[in-house]
Amino acid sequence: MTARFVLEEDPIALPRGAWAATERRTLRLDGRPVFSLTQGRYRSYLYPLCTPKGFAVTSEAPADHPHHNSFWIAADHVHCQMPAADDRIEEYTYNFYNDDVFQGRSPGRIVAVRSTGEADGDAAFRIHQSLEWRGPSEWAAPQGRIAATEDRWIRISLDREAYVIDVESTLAAADWDFVIGPTRHSYFNVRLVEGIAATSGGAVTDDAGRSGGAAITGSAARWVDYSGPVGGGNRAGVAVMPDPRDHQDVSWFVTDWGVVTVGPFRKEGRRVAKGQSVTVRYRTIVHDGDTGTADIAARYADYVAGLG
């Protein structure tokens with residue numbers, strides 16, 4: 001039977017004269033929730049993220065790190081080269097990762113100004129988002145300056161009893177050059193539910209057989225899989241696979257308490273000139289069972305073979 005994906009608004013019953021501060025739209029497969037496309041106060045993200053058996057595997061805003069929003073894109077250290085008087089350039093530095101002022105950098109917002117979805121063939125679905133990376137409200141710019149714009153594609157399919165989610169993010173300079181990084185707080189992130197974390201009985205491993213956050217952090221791992229107990233004797237998890245074409249200088253930050261961050265901007269910053277862009281791509285496998293059961297190594301081999 002053909003998989004049928006449907007993206008629907010989540011109705012919220014509010015009293016007359018009240019309205020929701022944000023919105024959430026849920027993607028369902030034959031009526032079962034897969035994930036919800038959520039616009040939070042500071043960024044757009046996917047939550048909850050569910051396995052084919054229906055287990056939610058990510059955390060939306062854990063108490064220890066409320067800015068860890070499940071399945072999200074973000075970056076600290078975005079340095080905008082702003083034109084000033086007398087043909088001078090001033091550098092304005094923003095933080096698009098934390099919800100608060102962080103190490104002196106004010107928080108910006110990543111806001112989806114347009115989100116559409118459509119079927120991609122008979123067994124997949126594609127979501128396209130246009131986003132603005134806006135700096136904080138300031139004098140003469142109450143809505144925040146647009147530091148960059150982002151074009152984000154999210155494609156999902158059901159393959160061998162796991163959800164395959166491909167994310168392509170193109171970050172473009174709008175009215176001025178910017179430099180992203182160097183920082184470990186970028187670019188693609190997943191925060192697992194507490195039960196899956198290694199500190200709660202879960203396990204995190206990579207393609208080289210390293211285990212634990214300390215061993216994987218800073219490595220050149222090709223993929224990382226996090227899996228653990230989700231109740232009733234079941235296990236589930238998420239594998240993250242950065243596209244090797246975009247990550248010759250890949251860097252991971254992985255913890256035993258459930259966070260996976262990967263990107264190409266940790267070791268040195270990337271300058272993006274006005275009118276230019278940088279693209280990064282990732283595949284995630286949302287699966288039931290553990291790393292071996294989900295055959296993550298073979299799935300990565302298939303992924304790379306398909307890149308051409």
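For the structure, see preceding data.
Predicted, not measured: the structure shown is a model, and the values here were computed from it.

Calculation rules
- Residues numbered from 1 in each chain as written.
- Predicted model: local features only at pLDDT ≥ 70, side-chain atom pairs only at ≥ 80, totals over all residues.
- Heavy atoms only, no water.
- Helix = DSSP H or I, 4+ residues; strand = E, 2+ residues; numbered from the N terminus.
- Buried < 20%, exposed > 50% of the residue type's maximum accessible area, 1.4 Å probe, protein only.
- Polar contact = N/O pair within 3.5 Å; in protein donor to acceptor, adjacent residues only side chain to side chain.
- Contact = heavy atoms within 4.5 Å.
- Salt bridge = Lys/Arg side-chain N within 4 Å of Asp/Glu carboxyl O.

## Concerning the side chain of Ser-44
Following the sequence through the fold, Ser-44 ends up in strand E4 (residues 44-49). Assessed through its relative accessible area of 2%, Ser-44 is described here as buried. Reaching out from Ser-44, the side chain makes a polar contact with the side chain of Gln-129 at a distance of 3.1 Å. Every residue in contact with Ser-44, bar those within four places of it in the chain, is listed here: Thr-38, Gln-39, Trp-72, Ile-110, Ala-112, Gln-129, Leu-131 and Arg-152.

## Some details on the pattern of salt bridges
Going through the model one piece at a time under the given rule, you end up with 21 salt bridges. The closest approach of N and O atoms between Arg-299 and Asp-159, which form a salt bridge, is 3.2 Å. Of this pair, Arg-299 sits in helix H2 (residues 296-306) while Asp-159 sits in strand E10 (residues 146-159), and the two are 140 residues apart along the sequence. When its relative accessible area of 6% is taken as the criterion, Arg-299 is described as buried. Between Asp-206 and Arg-210 there is a salt bridge whose closest N-O contact spans 2.6 Å. A network of salt bridges, in which partner residues are shared, links Asp-159, Arg-160, Arg-299 and Asp-302.

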